[in-house]
Amino acid sequence: MHSEGELRPARTVLTLEDLLGLLDGLFEPDADRWTRRGADWWDRFYDQRDRSVPFFRAAPDESLVEWNACGQLQLPAGARVLELGCGPGRNAIWLAEQGHQVDALDLSREALRWAAERAEQAGVRVNFRNGSIFDWEMPQAPYDLVYDSGCFHHLPPHRRLSYRTLLERTVAPRGFFGLTCFAAGAMGSEESDADFYRTGRLSGGLAYSDEDLRAIFGWLETVEVRRMRESAADQALFGESFLWVGLFRRGVNPD
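This is a predicted model, so every value here is computed, not measured.

Enquirer: Help me understand helix α4 (residues 90–97), please; the structure alone is not making it clear to me.
Expert: Three- or four-residue spacings in an α-helix give side chains the same orientation, since the helix completes a turn every 3.6 residues. Most of α4 is tucked away: seven of the eight residues are buried. Residues Arg90, Asn91, Ala92, Ile93, Trp94, Leu95 and Ala96 constitute the buried set of α4. Looking at the buried side of α4, the elements it contacts are α3 (62–70), β1 (80–84), β2 (101–106), α5 (109–122), β3 (127–130) and β4 (143–149).

Enquirer: Help me understand the side chain of Arg90, please; the structure alone is not making it clear to me.
Expert: Considering the arrangement of structural elements, one finds Arg90 in helix α4. One polar contact links the side chain of Arg90 to the main-chain carbonyl oxygen of Ala59, over a distance of 2.9 Å. Other than its neighbours up to four places away in sequence, Arg90 contacts Phe55, Arg57, Ala58, Ala59, Pro60, Asp61, Arg118, Ser149 and Phe238.

Enquirer: What is the right way to read the sheet that holds strand β7 (residues 243–249) from this model?
Expert: Think of a sheet as strands paired side by side through backbone hydrogen bonds, with each pair either parallel or antiparallel. Overall, mixed pairing links the seven strands, which are arranged β3-β2-β1-β4-β5-β7-β6 in an open sheet. Whereas interior strands pair on both sides, the edge strands pair on one side only; in this sheet they are β3 and β6 (221–227). Strand after strand, the sheet turns through a mean of 15° between neighbouring axes, direction not considered. Relative to β4, β1 runs parallel, the two sharing four bridges.

Parameters and conventions
- Residues numbered from 1 in each chain as written.
- Predicted model: local features only at pLDDT ≥ 70, side-chain atom pairs only at ≥ 80, totals over all residues.
- Heavy atoms only, no water.
- Buried < 20%, exposed > 50% of the residue type's maximum accessible area, 1.4 Å probe, protein only.
- Helix = DSSP H or I, 4+ residues; strand = E, 2+ residues; numbered from the N terminus.
- Contact = heavy atoms within 4.5 Å.
- Polar contact = N/O pair within 3.5 Å; in protein donor to acceptor, adjacent residues only side chain to side chain.
- Pairing = 2+ DSSP bridges.
- Axes fitted to C-alpha atoms, helices over the stretch in contact; angles between N-to-C directions.

As structure tokens, this is what we get:
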């Protein structure tokens, strides 16, 4: 009970976005790697380019290349592509090399600086943009492909709702969504959703099962869900078996 003259805490949760923001705030800053608060953490991460981090290599995901080669990923010439959490740009640059129009988004300015240098060296144009995947100004035209290699598994459970809304707004009818994320039993935390809120930490990222991914993205048509195939460090492709890869397609009717 508040004494006379003492201000009562304001009731600020009036919308879904208010609720999502409140839940974001339950996590410690070092665990908050999906909003602008996490940008400094990612800048420090990408500033050390000589570290032995598998996805620092300038090599696209083996799954992305295979889907394109075998016809599972059917993109028109000059397709509109969006990459979420592009990091140093290895997939965005490869997609641009295929002749596509690529927008690539990341929280880290340091990652984008590195990506831009690589794009210049490769002689391709990528529209790199800095910001959170949830608060950037989306273009009105949807994309033929939305691709995410390693962003989704850093989101807390409540942000799966925001993620679906993002995909609903950005994936065109008959467009594709591609994903790479931690595989349960191999990499990432297998704690329950509730446990993350009790500790205020995401323990490096969430692990998902095949069934999880098919349920979460069940509103899309599943083209393929499988484990990523290993690729040696001297190969021109990125591949780590502790990851799931998934390719999904949206129906003709966007509803």
